[in-house]
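Spelled out, the chains give:
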Amino acid sequence: MSPALAAFLRPSSFALKFATKGVLAMALALYAAFFFDLDRPYWALISAAFLQTRPMSGMVVEKGICQVTGTFVGTCVAVVIMGCFAQVPELALGSVTLWIGLCIYGASLTHNNLSYGCVMAAVACMIIVVLTSSAPDDFFSVALARLSELSLGALCAVVVSALVWPIRVRDHLGQLADTAVNATFRYMALAFSMPPEGGRATGRQQDQHQERMAMLEQMMTGLDALNNLEIDAHSARYEGPQGKGRIRGVHLLTRRSMRLYATLKALHQLRHPEFFVPARSEDGEVSAQTPELNQARRQEAERFSQPTQDLMQRLGAAFQSMADNQGTAQAHRTLKELRGECLRLSRGQRSITALEARLLFSLREVLGHALVILQAREVINHPGRHQLRQPSMSWHRDHGRAAIDALRAMAIFSVTAIFWLATAWDNGAVAMLLGTLFSGIFVSRGDPAPIIPMVLKGLLLAVPSVLLFGNVMLSHAQHFVPFVIIFSIPLFFGLMGSVVPALAGIALPFVVFNILLVMPDNGMTFDVAYTLNRSLAAGIGLIVTIIGFRLIPVPGPGWDKRQLIRATASDIRELAERSTERLDSWFGGRMGDRLLRLARHEQTRSRELEARRSGENASGQPDAAQQQVIGMPLLTLGLTGMDIGRGIGFVRRELGNDVPRPVLHALRELIHALADDYQRCARGESPTRMRAAGDRLCEVIEQHRTMSRHKQALLAGWLTRVQLTLQSDALRQHS
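Residues numbered from 1 in each chain as written. Predicted model: local features only at pLDDT ≥ 70, side-chain atom pairs only at ≥ 80, totals over all residues. Heavy atoms only, no water.

Caption draft 1: Inspection of the overall build of the protein at higher detail. The helix and strand inventory of the protein stands at 27 helices and zero strands. Residue burial in the protein is summarised as follows: out of 735 residues, 58% are buried. In the protein, once contacts between residues fewer than 6 apart in sequence are set aside, the share between residues at least 24 apart is 81%. Carbon together with sulfur atoms contributes 57% to the accessible area of the protein, which is approximately 30,300 Å² in total. (Helix = DSSP H or I, 4+ residues; strand = E, 2+ residues; numbered from the N terminus. Buried < 20%, exposed > 50% of the residue type's maximum accessible area, 1.4 Å probe, protein only. Contact = heavy atoms within 4.5 Å. Areas by Shrake-Rupley, 256 points an atom, 1.4 Å probe, with all protein chains shown as cover.)

Structure below.
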């Protein structure tokens, strides 16, 4: 049975509860709107429907607050616009256009429900100005009615969410944290359990491919859970005084997981260059640089002693045991024992190389991050048992993309507004509303152009439903109870289908259009021609929106890659000037959101490549599309940037604050060289500056003796590792 049929013929208990709660919230909002004799009760219905898309109590409260606040701000702006241009509709609509652009710009730069609040500010201002442009005397009553209707719908949604089968954000965060930690530990188990490249037997290409795909799946699972944690965590503040503790735990878990992935990527890339660098380029030619790079890496891998390789195998087994729901207390003991083993091994071997010394130091870092990750999960699940101070993440703000989103929204609204003025069509306001609404809602999507046609399908399905239930059957309902029962039937099935991800893009618009086309109120008429008229206006608004997104498309992964790489390189350069006390906190907070964004682009890109080229080729080897999926070029660059920043922080902490001027000058030269070479490898060019700058820094440190011998060996090993990592990333980007 297909997922679409199963969603309605064999719905899950969650789908039934979700649909029931949504219908109850909308019915309560409709009854209250009728009771208070509001002008347009359907706005209370729409308000309750939008808030029930994520029915967790804290999320409904936060979204309701943002909705009411955005509506109030939009109402205030509408007051100013109508006060200035009430007699000149063209200037009033021009001012609304500018306000919509400003709101969509803010929605693109903000996150979570704040973005939704910005959209509601644009919609509220547009509705009030359009509805009162022909009757300015009714302005204040219309503004008050819109604010009252939306606030009433939000209140009803909050009440139903809190009293009927309540779902708590804290339980949702706990499940996501478990998923993120377990996926991370499984990734670590696979990374450490894989034997070095030189020790592989021939004829195991299929097994190697399965191992790679398993690692990629676990990494993407962990990053997806971390991304959802950061998006949903802020709603926990509305579920009691322990909510802030859970938010701090989420920030800590995300930061340390990002650092852990960066360190693991560098270690795994050192031991397994074939995982990141394909043997062939896209045109099928063997890369001239790849054999030399792989030979150099094999020579480096041979320097790892047998005790170190045995230790990594033990780490793989230990992390697999932790991922299989080993107790937290036992996991803490195991990690501490392994950290002690790493320390004893690094001190007990006299002939250890600089690269192996750095490897053992990085292993201790990995185990330390794992301990903190376990603590962060405990804070999320039981915040009252721990006291934690953790600043929030610094969000990456792409002002160029925000300007494009604002320009598109202004263009869509301008076209529909000109159409409305030219035709004097009463239902033209529906086209303006939908264009503004969907221009704002889709700013958080990576590429919404394929989704908007699904909204159009929802409209086409809603039209016959409205004709049957909204015109024929509702005309025979004489009281509120049968009215609500008849009206709720299509809404119930729409909400039930929206639980299935494949149907959500059609089912949710189906619910919204059922409300907009029926428009239940105290003086409603059951006119088929009027329903078709509004359906046509809605279709025009959606078509204009589709054309707007086609003509002014969302910047693709290439744009985001350039912006994120440029911002990361800028932050790396700034590490030379920042104080050492908050160096890791500042850089880690800014890199966390960038890595999550790169992971989202990698997931989208992987799905596109897998759909374009399915499976394996005739030789049993992964084809070019799968090789690109395995290589993770975008996410690899982000993890490399995180690793470089962490290494610079280590060097600056070890040098201290009282640094001789020659050493400080050499360190700044190295930092700028690393930033330049990082940008070069993102363009597919080999690093050229960092090796000479690194050698110069080591010489100056040796002359002034500002580091111990052991720390100098760690620095030399880190420079060697970064050089190989940048070479590998450059080859990956080039191919």
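Caption draft 2: Up close: the packing of aromatic side chains. Taken as a whole and judged by the stated rule, the model has 16 aromatic pairs. Aromatic pair Phe192 and Phe319: ring centres 6.2 Å apart, planes at 20 degrees, arrangement stacked. Residue Phe192 is located in helix 8 (residues 169–193), and its partner Phe319 is located in helix 12 (residues 306–323); the two are separated by 127 residues in the primary sequence. Residue Phe192 is classed as buried on the basis of its relative accessible area, which comes to 3%. The exposure class assigned to Phe319 is buried, which follows from its relative accessible area of 0%. Three or more aromatic residues joined by ring pairs make a cluster, and in this case those are Tyr31, Phe34, Phe35, Phe36, Phe480, Phe483 and Phe487. (Phe/Tyr/Trp six-rings, centres within 6.5 Å; stacked < 30°, edge-to-face > 60°.)

Caption draft 3: Focus on the pattern of salt bridges. Overall, the coordinates contain 15 salt bridges when judged by the stated rule. The network of salt bridges with common partners includes Arg573, Asp676 and Arg689. (Salt bridge = Lys/Arg side-chain N within 4 Å of Asp/Glu carboxyl O.)

Caption draft 4: A look at a nonpolar patch on the surface. A cluster of nonpolar side chains, namely Leu5, Phe8, Leu9, Ile489 and Phe493, defines an oily patch on the protein surface of about 450 Å² accessible area. Every element with two or more residues in the nonpolar patch is listed here: helix 1 (3–9) and helix 18 (480–498). Examining the composition of the nonpolar patch, we find that three residues originate from one element, helix 1, more than from any other. Positionally, Leu5 belongs in helix 1. Among the residues examined, Leu5 registers a relative accessible area of 47% and is labelled partly exposed. (Patch = residues over 30% accessible without salt bridge, like charges linked within 9 Å, V, L, I, M, F, W, Y side chains within 5 Å.)

Caption draft 5: Examining unusual backbone geometry more closely. A positive phi angle, close to 55 degrees, is found at Asp37, a residue other than glycine. Within the element layout of this structure, Asp37 appears in the loop between helix 2 (13–35) and helix 3 (41–51). Owing to a relative accessible area of 54%, Asp37 belongs among the exposed residues under this scheme. Phi angles above zero are rare outside glycine, and Ala424 is one such case at about 55 degrees.

Caption draft 6: Local environment of the nonpolar core. Counting residues in each nonpolar core, the largest one holds 106 residues, and the members touching the most others are Phe185, Phe192, Leu226, Leu253, Phe319, Leu363 and Tyr678. With 14 residues, the top contributor of residues to this core is helix 14 (residues 354–381). Look past the residues within four positions of Leu363 in its chain and what remains in contact with it is Phe192, Leu267, Leu311, Met312, Leu315 and Cys342. Ranked by size, the runner-up nonpolar core spans 105 residues in total, among them Ala19, Ala25, Ala27 and Met496. (Core = buried A, V, L, I, M, F, W, Y, C linked by side-chain atoms within 4.5 Å.)

Caption draft 7: Just the environment of Leu338, in detail. The topology assignment puts Leu338 in helix 13 (residues 328–348). On the basis of relative accessibility, which here comes to 3%, the residue Leu338 falls in the buried class. Once the C-alpha coordinates of Leu338 and Arg364 are considered, the two residues, 26 residues apart in sequence, prove to be 8.3 Å apart. Those residues in contact with Leu338 that lie beyond four places of it in its chain are Leu311, Arg314, Leu315, Ala318 and Leu367.

Caption draft 8: Spatial organisation of the state of the cysteines. Inspection of the entire model under this criterion finds zero disulfides. Between Cys118, a cysteine without a disulfide, and Cys103, which holds the nearest cysteine sulfur, the sulfur-to-sulfur distance is 6.4 Å. (Disulfide = S-S within 2.5 Å.)

Caption draft 9: Summary view of the environment of Glu577. Its location among the elements puts Glu577 in the loop between helix 21 (557–574) and helix 22 (583–612). Sequence separation between Glu577 and Arg668 is 91 residues; the distance between their C-alpha atoms is 8.6 Å.

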